[in-house]
Amino acid sequence: MQKILGPILVLALLIGMFFLVFPASHPVGPKPLSSQSGTVKPTSTATPADISSALKIASENIDRGNFDAAIPLLEPLKSTDNAEVLSLLGYAYSGRKDFFDAISAFEASVSKKHDPRILYALAVAADAAGEAAKAKAHYTELSRLQIPPAIMTKSQLGLARNSLLVNDIPAAIEAYKRVIKEDPTQVEAFVGLIKLMKQTGVIKGIEKIREKGDPLHSRNFDYQFWLGFLYYEMGQDQPAMIAFKAASAIKPDNASPYYFQYRILRKANKVAESLIALEAYYKISQFLPYIFFQGAIDARQENHLDIAFKFIRTAILADRSLLGGEDQGTLAAVERFVTTQGTPEEKLFNTSFSLFLNGDFRGALNKAREILPKLKDPILKADLFRVQDECGKVVSGEEAYSAYQANINATQKNAMSRLKSAMTARKNLGAGNPSAALDDLKTKALGNPRDAKLQYATALQLARAGDIEGAKVFLRETIRANPNVSEAYFSLARLSQSEGNAAETIAHLEQALKVNPGNSQARSLLASVRLDSGDLERAVSDAKGAILANPNNCEARLVLANVYVQNQNQEQALHEIEYGLSIETDPVRRQQFEALKRKLEAHEN
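Residues numbered from 1 in each chain as written. Predicted model: local features only at pLDDT ≥ 70, side-chain atom pairs only at ≥ 80, totals over all residues. Heavy atoms only, no water.

Novice: Can you break down the overall build of the chain residue by residue, with the values?
Specialist: For the chain, the count of helices and strands is 32 helices and zero strands. Buried residues in the chain amount to 52% of all 605 residues. Residue pairs at least 24 apart in sequence account for 56% of intrachain contacts in the chain once pairs closer than 6 positions are excluded. Accessible area of the chain: about 27,800 Å², with a carbon and sulfur share of 52%. (Helix = DSSP H or I, 4+ residues; strand = E, 2+ residues; numbered from the N terminus. Buried < 20%, exposed > 50% of the residue type's maximum accessible area, 1.4 Å probe, protein only. Contact = heavy atoms within 4.5 Å. Areas by Shrake-Rupley, 256 points an atom, 1.4 Å probe, with all protein chains shown as cover.)

Novice: Describe in detail the nonpolar core, supporting the description with residues and values.
Specialist: In this structure, Ile206, Phe356 and Val387 are the most contacted members of the largest nonpolar core, which totals 129 residues. Discounting residues that sit within four places of it in the chain, Phe356 has contacts with Ile316, Leu317, Arg320, Phe361, Ala364, Val387, Glu390 and Cys391. (Core = buried A, V, L, I, M, F, W, Y, C linked by side-chain atoms within 4.5 Å.)

Novice: Describe the pattern of salt bridges, naming the residues involved and giving the relevant values.
Specialist: If the charged atoms of two oppositely charged side chains come close together, the side chains can form a pair. Evaluated as defined, the whole model comprises 28 salt bridges. Here Arg266 and Asp298 are joined by a salt bridge, their closest N and O atoms 2.6 Å apart. Residue Arg266 is found in helix H15 (residues 256-267), and its partner Asp298 is found in helix H17 (residues 289-301); the two are separated by 32 residues along the sequence. With a relative accessible area of 1%, Asp298 lands in the buried category. The shortest N-O distance in the salt bridge between Glu584 and Arg589 comes to 3.5 Å. (Salt bridge = Lys/Arg side-chain N within 4 Å of Asp/Glu carboxyl O.)

Novice: Explain helix H19 (residues 330-341) residue by residue, including any values.
Specialist: Here H19 spans 16 Å end to end across twelve residues, near enough to the 16 Å set by a 1.5 Å rise per residue. Lining the buried residues of H19 we find H17, helix H18 (305-318) and helix H20 (344-357). (Expected span 1.5 Å × (residues − 1).)

Novice: Could you give an account of the side chain of Asp237, with specific residues and numbers?
Specialist: Relative to the helices and strands, Asp237 resides in helix H14 (residues 237-250). Not counting chain neighbours up to four residues away, the residues in contact with Asp237 comprise Tyr232, Ile264 and Lys267.

Novice: Help me get a handle on the side chain of Arg313, residues and values and all.
Specialist: Here Arg313 is to be found in helix H18. Taking relative accessible area as the criterion, Arg313 reaches 5% and is therefore assigned buried. Once residues within four sequence positions are removed from consideration, Arg313 is found in contact with Phe349, Phe353, Ile379, Leu380 and Asp383.

Novice: Talk me through a positive patch on the surface; I want residue IDs and the actual numbers.
Specialist: Together, Lys177, Lys181, Lys208 and Lys212 make up a region of like positive charge exposed at the surface. The residue Lys177 is located in helix H10 (residues 169-182) in this model. Residue classification places Lys177 among the partly exposed positions, given a relative accessible area of 45%. (Patch = residues over 30% accessible without salt bridge, like charges linked within 9 Å, V, L, I, M, F, W, Y side chains within 5 Å. Lys, Arg positive; Asp, Glu negative; His and termini not counted. Charge placed at Lys NZ, Arg CZ, Asp CG, Glu CD.)

Novice: Residue-level account of the packing of helix H4 (residues 67-74) against helix H5 (residues 83-95), with values.
Specialist: Relative to each other, H4 and H5 sit at 150 degrees, their axes nearing to 9 Å. Of the two possible hands of crossing, H4 and H5 adopt the one that is left-handed. Between H4 and H5, the contacting residues are Phe67, Ala70, Ile71 and Leu74 on the first element and Val85, Leu88, Leu89, Tyr91, Ala92, Tyr93 and Gly95 on the second. Class assignment of the residues belonging to the contact of H4 with H5 gives a composition of ten nonpolar, one polar and no charged. (Axes fitted to C-alpha atoms, helices over the stretch in contact; angles between N-to-C directions. Left-handed = near helix turned anticlockwise from the far one by under 90°. Nonpolar A, V, L, I, M, F, W, Y, C, P; charged D, E, K, R; others polar.)

Novice: Describe the environment of Phe287, with residues and values.
Specialist: Topologically, Phe287 is positioned in the loop between helix H16 (271-284) and H17. Overall, Phe287 belongs to the partly exposed group, its relative accessible area being 33%. If we ignore the near neighbours within four places in the chain, the residues touching Phe287 are Phe292, Lys544 and Leu548.

Novice: Any details on the packing of aromatic side chains? Residues and values, ideally.
Specialist: All chains considered together, the criterion is met by 22 aromatic pairs. Between Tyr282 and Phe311 the ring centres are 5.7 Å apart and the planes differ by 55 degrees, which places this aromatic pair in the tilted class. Residue Tyr282 is located in helix H16, and its partner Phe311 is located in helix H18; the two are separated by 29 residues in the primary sequence. What makes Tyr282 buried here is its relative accessible area of 5%. Over the face of the ring belonging to Phe229 we find Lys198, whose NZ or CZ atom lies 4.9 Å from the ring centre. Just above the ring of Tyr579 sits the side chain of Arg557; from NZ or CZ to the centre is 3.9 Å. (Phe/Tyr/Trp six-rings, centres within 6.5 Å; stacked < 30°, edge-to-face > 60°. Lys NZ or Arg CZ within 6 Å of the ring centre and 35° of its normal.)

Novice: Account for the confidence of the model for the chain, with residues named and values stated.
Specialist: Looking at the chain as a whole, its pLDDT mean stands at 84, while 87% of the residues score no less than 70. The least confident element of the chain, judged by mean pLDDT, is helix H2 (residues 16-21) at 38; the most confident is H14 at 97. (pLDDT = per-residue confidence, 0-100.)

Novice: Pulling in residues and values, what's your account of the environment of Cys391?
Specialist: With respect to the helices and strands, Cys391 occurs in helix H22 (residues 378-427). Spatially, the C-alpha atom of Cys391 lies 8.7 Å from that of Asp360, the residues being 31 residues apart in sequence. Setting aside anything within four residues of it in sequence, one finds Cys391 in contact with Phe356, Phe361, Ala364 and Leu365.

Novice: Describe the packing of helix H9 (residues 149-165) against H10, listing the residues and the values that go with them.
Specialist: Where H9 meets H10, the axes come as close as 8 Å, and the angle between the chain directions of the two elements is 155 degrees. It follows from the interaxial angle that H9 and H10 lie roughly antiparallel. Considering only the axes of H9 and H10, their crossing is left-handed. For the pair formed by H9 and H10, the contact residues are Met152, Thr153, Gln156, Leu157, Leu159, Ala160, Ser163 and Leu164 on the first element and Ile169, Ala171, Ala172, Ala175, Tyr176, Arg178, Val179 and Glu182 on the second. In terms of residue class, the contact of H9 with H10 is made up of eleven nonpolar, three polar and two charged. (Parallel < 35°, antiparallel > 145°, perpendicular 65-115°, else oblique.)

Novice: Outline the environment of Leu558, listing residues and values.
Specialist: Within the secondary structure, Leu558 sits in helix H30 (residues 554-566). For Leu558, a relative accessible area of 11% gives the class buried. Here the alpha-carbon distance between Leu558 and Gln592, two residues 34 residues apart in the chain, equals 8.0 Å. Leaving out residues up to four positions away in the same chain, Leu558 has contacts with Arg589, Gln592, Phe593 and Leu596.

Novice: Go over helix H8 (residues 132-142) with me, naming the residues and quoting the values.
Specialist: Note: α-helices contain 3.6 residues per turn, so residues at a spacing of three or four share the same orientation. Along H8, the residues classified as buried are Ala132, Ala135, Lys136, His138, Tyr139, Thr140 and Leu142. Tucked inside the fold, the buried residues of H8 contact helix H7 (116-129), H9 and H10.

Novice: Break down unusual backbone geometry for me, citing the residues and quoting the values.
Specialist: The backbone of Lys97 shows a phi angle near 70 degrees, a positive value even though the residue is not glycine. Structurally, Lys97 is set in the loop between H5 and helix H6 (99-112). Take Lys97: its relative accessible area is 47%, and that puts it in the partly exposed class.

This is how it looks when you write it as structure tokens:
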């Protein structure tokens, strides 16, 4: 993914362009201090010459990136209210990534001397600190000043970025338009505007954008991909296909354009061509089970049983619930194909896979362990590892469920006893008891213990009223009445998470997913909890599972982005961040995506 430009982290570097045009004039004292990390006289006794010397040496240290040496020289002089002292202190803080201190220093400097260079530094510091409203205000002010074109472009991009964070879409659009008009070489403005068109559902004007953008950015992956995405969302499949194919040519190892090519071709009933696109996607990513399940059916109908075998096993190993779907005889056809025409390794693989399909998980697990050393084909071996993993989860899950059930029953017995005692005590207080209305709800639910819907509705009402312990009691009663209510386990998990009990949260979520493996929300929350506990491998697995069930699950995409950042996989991280920002509407999560994006940009700079 193309490196994203923006104001991030080492401000001294970012502001360098400004100083090339408006060079700074640091006062030069008659005599430097005793050393470049020397001391400064107390403010009350510092002379203009002392201040001048300190400024000179601090400036030299900042130029060399030695911020820790500059700060002790400048901090004793803050109370002099010298604008240059304050601005240099801001640069030093910024270089050390102490952005909130930098903001304070720059604000004080600007209040003394309204220098556009310092105002720009202030805007960038606020941007880096995540102070979107403040950054937007400063970038807006800069847009009205006479400043160098390169800095104006950066200011407009900053204005657009922070306008989006505070949900001021018109301001973002105008900022992007100004960049396109004044500096069309900036691909970020084109991509940003295209994303906003997709977000708002307005495609009018795209041809004018492309008149300027295509000659400059037709070889840029982001430009082509988001053009394709916009056309796809607007139902214009022909230009979408052209853009997605261009994106694939630029980055053939990126799976996303192939996915959309498959969807477009499948929609047009061009089945044979769609299988080619799906195979290209498969070589890069195997995490779309419902797509591969349909692809297997299509491949069987096209008499490509080798492809059908590959797709069907990938789909079912990613989502066992697909075994209950209508496969139009694909599994049976694949079984015959492997038996009669399969390679020796495919036949060996199938001895375990067939047991898995028939629900003999323990048998499939034992067979997988036996034959794994004998397989050489890397794809078959990877799939057999998945068979082993899935069967291991089921077998261990049966044992874990027994322990979970015993624990929840013991907890419920004690909680129910406390609840009934408390209700009796409150009843003796008389009609003025403020908890009487809630107790009436509880009494009704206790009188209908087999009504799972009533138990669950009571739990939700108690939670909304702030009676968390009561909510837990009736969520557990919901499970006693009907162990297949996935939402009850999920709600218990949310309550455990709010109390900081990670182990209990995970246990409840695992039960929610046992009941409903396709619960994307439960799986993404599980991924988030695992991420917080440092279990990155399983966090990735759960996040990808959540996205399989719902590609627009932004909680899961945020988990993946965080893991990729930790693993220094910048391209994958940016892909997840950009996808998340293109669809996320929750302002808190959007800020989390933006903060992560700034972190990546800082690393690149």
